[in-house]
Amino acid sequence: MQIKTIIYDYGGVIMTSAQEEAVRRFSEIGIVPDLMPLDKYNQQGVFQALEDGTISADEFRDELNRRCRRNNTHDDYRWACLGYVGEVPKRNLQLFRLLRQKGYRQLLLSNTNPYMMSWAMSPDFDGEGRALRDYLDACYCSYELRMLKPNPAIFQYVIDQEHITPETTIFVDDNERNIHVARDMGFQTLQPVNGIDWTTDLLFMLGEDIS
């Protein structure tokens, strides 16, 4: 069946992830490893609650300030969270433009948080005054939906909202657990490695000219 839709993860796909820098920044504002169960793919505790929408960004800030006995600001935690951002490769942005011209619908489906998306949805995202929403057709974020991948319900939500069929959709994610669930639901899948160019692999799957 002809592919009509591509769904992208955020960290490790659209942008490269820099977990060590995030850990360094959180440590600098007093959130030491014992208070910071950060994982490359699946967060825990208060970090998971931020991503699944159980708590707000302000509640996240207040809880961590209580634990570390600091008075860090919203901007302090935003700065720390943005340590995860390695780079947004220009080749990815060029791909989004190309596939839009060719008529593909392109979506974001990400386990993420308000701090990260405040940057992604700002003109700072691409360094040229455009936000992520300027490249994609719709963005589905875990904290807004109050669901996390790999819960099949979040995939089903996107299917229902977009009126798509998994068989005509490619799901691009660097997390193996997410890939397995998507594949079981009928999606075609691509699992990039963080920092490695995945754009030619996607174009090959689409049967598009890569010359």
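Structure's up top.
To start, this report covers the structure provided alongside it. Here the structure is a predicted model, which means the values were calculated and not measured.

For the rest of this paragraph, the subject is helix 3 (residues 57-68). An α-helical turn contains 3.6 residues, so any two residues separated by three or four positions project in the same direction. With 12 residues, helix 3 ought to run about 16 Å at 1.5 Å a step, and its terminal C-alpha atoms sit 16 Å apart, in line with that. Among the residues of helix 3, Ala57, Phe60, Leu64, Asn65 and Cys68 are the ones counted as buried. An end-on view of helix 3 places all buried positions within 125° of arc, on one side of the element. Those residues of helix 3 that are buried are in contact with helix 1 (19-28), helix 2 (45-51), helix 4 (74-81) and helix 6 (114-120). In the stretch just after helix 3, Arg69 is the one whose phi turns positive, near 55°.

The strand order across the open sheet built from five strands is 3-2-1-4-5, with neighbouring strands paired in parallel fashion. With partners counted over all chains shown, the strands left at the sheet margins are strand 3 (138-141) and strand 5 (188-190), one partner each. The mean angle between the axes of side-by-side strands here comes to 20°, regardless of whether they run parallel or antiparallel. One ladder, built from three bridges, connects strand 4 (residues 169-172) with strand 5; its direction is parallel. Paired with Phe171 across the two strands is Thr189, which belongs to strand 5. Lying on the sheet, helix 10 (residues 199-206) is in contact with strand 1 (5-8), strand 4 and strand 5; it crosses strand 5 at an angle near 160°.

Tyr8, Tyr10, Phe125, Leu132 and Leu202 are the most contacted members of the largest nonpolar core, which totals 50 residues. Sorting elements by how many residues they give to this core places helix 6 first, with five residues. Ranked by size, the runner-up nonpolar core spans 17 residues in total, among them Leu107, Leu109, Met147 and Phe155.

On to empty space enclosed by the protein. Counted under the stated rule, the structure contains two cavities of 30 Å³ or more. Looking at the second largest cavity, its volume works out to about 30 Å³. Lining the second largest cavity, in full, are Gly12, Val13, Thr16, Pro89, Arg91, Asn92, Gly195, Ile196 and Trp198. A breakdown of the residues in the lining of the second largest cavity according to their chemical character gives four nonpolar, four polar and one charged.

Thresholds applied
- Residues numbered from 1 in each chain as written.
- Predicted model: local features only at pLDDT ≥ 70, side-chain atom pairs only at ≥ 80, totals over all residues.
- Heavy atoms only, no water.
- Helix = DSSP H or I, 4+ residues; strand = E, 2+ residues; numbered from the N terminus.
- Expected span 1.5 Å × (residues − 1).
- Buried < 20%, exposed > 50% of the residue type's maximum accessible area, 1.4 Å probe, protein only.
- Arc of directions from axis to C-beta.
- Contact = heavy atoms within 4.5 Å.
- Pairing = 2+ DSSP bridges.
- Axes fitted to C-alpha atoms, helices over the stretch in contact; angles between N-to-C directions.
- Core = buried A, V, L, I, M, F, W, Y, C linked by side-chain atoms within 4.5 Å.
- 1 Å grid on protein atoms, 1.4 Å probe; cavity = no way out; pocket = protein on both sides within 12 Å on 5 of 7 lines; lining within 4 Å.
- Points joined across faces, edges and corners; volume = space filled by probe spheres on them.
- Nonpolar A, V, L, I, M, F, W, Y, C, P; charged D, E, K, R; others polar.

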